[in-house]
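Topology and contacts: notes
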Amino acid sequence: MKINTSAVPHAREAMDKFKFEVANEIGVPLKQGYNGDLTSAQTGYVGGYMVKKMIEAQERQMAGK
């Protein structure tokens, strides 16, 4: 099994776009390429907020809104 693969390979571009939108929204200076200057808290916050937004979107969809 490959590490860091997506269940839907062509969704990678959309997820990357989403990641940058979330980072911008919460004020994390994420950039293309190397981001080793970010703290683990900053990168964790981006990932956690992405999950939160995906869950909210799924809940809205399941509620028919």
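Presented here is an overview of the structure given in this document.

Here is what the cut-offs are and how they apply
- Residues numbered from 1 in each chain as written.
- Predicted model: local features only at pLDDT ≥ 70, side-chain atom pairs only at ≥ 80, totals over all residues.
- Heavy atoms only, no water.
- Helix = DSSP H or I, 4+ residues; strand = E, 2+ residues; numbered from the N terminus.
- Expected span 1.5 Å × (residues − 1).
- Buried < 20%, exposed > 50% of the residue type's maximum accessible area, 1.4 Å probe, protein only.
- Arc of directions from axis to C-beta.
- Axes fitted to C-alpha atoms, helices over the stretch in contact; angles between N-to-C directions.
- Parallel < 35°, antiparallel > 145°, perpendicular 65-115°, else oblique.
- Contact = heavy atoms within 4.5 Å.
- Nonpolar A, V, L, I, M, F, W, Y, C, P; charged D, E, K, R; others polar.

**As for helix α1 (residues 12-26)**
Counted at 1.5 Å a residue, the expected span for α1 with its 15 residues is 21 Å, and the 21 Å between its end C-alpha atoms agrees. If you check which residues of α1 are buried, you get F18, V22 and A23. Within α1, the buried residues cover an arc of 135° as seen down the axis, which keeps them to one side. In α1, the exposed residues that point more than 90 degrees away from the buried face are E13, K17 and N24. Following α1 by one or two positions, G27 adopts a phi angle in the positive range, close to 80°.

**What to know about the packing of α1 against helix α2 (residues 40-62)**
Packing of α1 against α2 leaves a shortest axis separation of 9 Å and a crossing angle of 110°. Relative to α2, the element α1 lies roughly perpendicular. Residue-level contacts link M15, F18, K19, V22, A23, E25 and I26 of α1 to Y45, V46, Y49, M50, K53 and M54 of α2. When the residues that make up the contact of α1 with α2 are grouped by side-chain class, the tally is 10 nonpolar, no polar and three charged.

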